[in-house]
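A look at the structure
Letter by letter, the chains look like this.
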Amino acid sequence: MPTTAAEPTRRVPSGPDAVPASGRHTARVRRAQRARDWARRAPLLPALVFLIVVTQLPFLATVVFSFTRWNALAPDNRGFAAFGNYVAVFTDPAMRSSVITTVLLTVTVVLVSLLLGLGLALLLDRGFRGRGIVRTLLITPFLVVPVASALLWKHALFNASYGLLNGALTWIWGLFGSDNPPQPDWMTDSPLAAVEVSLIWQWTPFMMLILLAGLQSRATDAVEAARMDGASAFDVFRYLTLPHLRRYLELAALLGTIYVVQNFDAVFTLTSGGLGTANLPYTIYQTFYQAHDYGQASAQGVVVVLCSLLVATFALRTVSSLLREEVSR
């Protein structure tokens, strides 16, 4: 028989350092996946670094200052205060009053804006001529700069001498032949209500936009089937529309709470924090810029941020649940 040359045999590594071919392939796949992940994340790194520098470093400095005894009016009495500033925050009568004012202001503005926004959203969900123009006009108050909005209400509407409200009262009383119309000083007689009205006017369009998006995302076939079965408009709203809008109502309320709690412009511009209208941001402003107590103002700011984070956590959970519902459809 003819003999053939012996074929060279491949040497297979053996011992503890031996790696199977499948393992080497898996390692290469993982390295390639990590490289692709870094390629996607690399463009976001400058924005992340900028965000940390702009937001987290100042907050970290505020936390450090909150544990120091630092008042510019007493430069010699400066040092480590431990939790003394936080104790002062929770025992200060002005701080407790500002907390109550902030709660009243936030609850009133959010609830009234939510109800008005729901009514406007239901109206805009119907088809009528000029709906686009009406929707644009209703959104406009939310686009106005907060300081400009507060100045508008202070001078054009609430002013006791030339404001539109007192001018309307004068005109109405003149229709009945009266020369002594009531001329209330709105910002003095009802200061907190004046701040609330200006904020409601500004935040109602925000609530309306969120709820209108919720209305336009509902299934129309269920509504049409209910109407064909004889359900009234109130029954459709109660049993179909309102349950569908529950998440959107929660989201609008939580986001509105986060923003209204931090409102400073309206209080500062309309009443300058007087007559019981000083909320938490304005109290921090007074502590920092008027009392020059930087340590206590930092402690107040940390407390407000932590409370806002609690509300923001619920808002993020609501947003996540909405996104999951949209993806599952």
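Residues numbered from 1 in each chain as written. Predicted model: local features only at pLDDT ≥ 70, side-chain atom pairs only at ≥ 80, totals over all residues. Heavy atoms only, no water.

At serine 272, a residue that is not glycine, the phi angle is positive and equals roughly 55 degrees. When you line up the elements, serine 272 lands in the loop between helix H12 (265–270) and helix H13 (280–290). The residue leucine 275 is not glycine, and still its phi comes out positive at about 60 degrees. Take leucine 275: it is sitting in the loop between H12 and H13. (Helix = DSSP H or I, 4+ residues; strand = E, 2+ residues; numbered from the N terminus.)

Here we take up the packing of helix H9 (residues 191–216) against helix H11 (residues 233–261). At a minimum axis distance of 9 Å, the contact between H9 and H11 shows a crossing angle of 145 degrees. With respect to the hand of their crossing, H9 and H11 are arranged in right-handed fashion. Across the interface between the two elements, Leu199, Trp203, Phe206, Met207, Ile210, Leu211, Gly214 and Leu215 of H9 pack against Thr241, His244, Leu245, Tyr248, Leu249, Leu251, Ala252, Leu255, Gly256, Tyr259 and Val260 of H11. A class-by-class count of the residues in the contact of H9 with H11 yields 15 nonpolar, 4 polar and no charged. (Axes fitted to C-alpha atoms, helices over the stretch in contact; angles between N-to-C directions. Left-handed = near helix turned anticlockwise from the far one by under 90°. Contact = heavy atoms within 4.5 Å. Nonpolar A, V, L, I, M, F, W, Y, C, P; charged D, E, K, R; others polar.)

Below, the discussion takes up empty space enclosed by the protein. For the coordinates displayed, the defined rule picks out 1 cavity of 30 Å³ or more. As a volume, the largest cavity reaches approximately 40 Å³. Lining the largest cavity are Pro146, Ser149, Ala150, Ser198, Leu199, Gln202, Asn263, Asp265 and Ala266. When the residues that make up the lining of the largest cavity are grouped by side-chain class, the tally is 4 nonpolar, 4 polar and 1 charged. (1 Å grid on protein atoms, 1.4 Å probe; cavity = no way out; pocket = protein on both sides within 12 Å on 5 of 7 lines; lining within 4 Å. Points joined across faces, edges and corners; volume = space filled by probe spheres on them.)

Within the secondary structure, threonine 257 sits in helix H11. At a separation of 2.7 Å, a polar atom in the side chain of threonine 257 contacts the main-chain carbonyl oxygen of alanine 253. In contact with threonine 257, other than residues within four places in its own chain, are Thr106, Val110 and Val311. (Polar contact = N/O pair within 3.5 Å; in protein donor to acceptor, adjacent residues only side chain to side chain.)

As a further point, take the environment of threonine 313. Tracing the backbone shows threonine 313 in helix H14 (residues 294–328). Once the C-alpha coordinates of threonine 313 and leucine 254 are considered, the two residues, 59 residues apart in sequence, prove to be 9.4 Å apart. For threonine 313, the side chain forms a polar contact with the main-chain oxygen of leucine 309, separated by 2.7 Å.

Take the packing of helix H4 (residues 93–124) against H9 next. Where H4 contacts H9, the two axes come as close as 6 Å, and the packing angle between them is 45 degrees. Classified by the interaxial angle, the pair formed by H4 and H9 is oblique. Where H4 crosses over H9, the handedness of that crossing is right-handed. Residue composition of the contact of H4 with H9, grouped by class: 22 nonpolar, 5 polar and 1 charged. (Parallel < 35°, antiparallel > 145°, perpendicular 65-115°, else oblique.)

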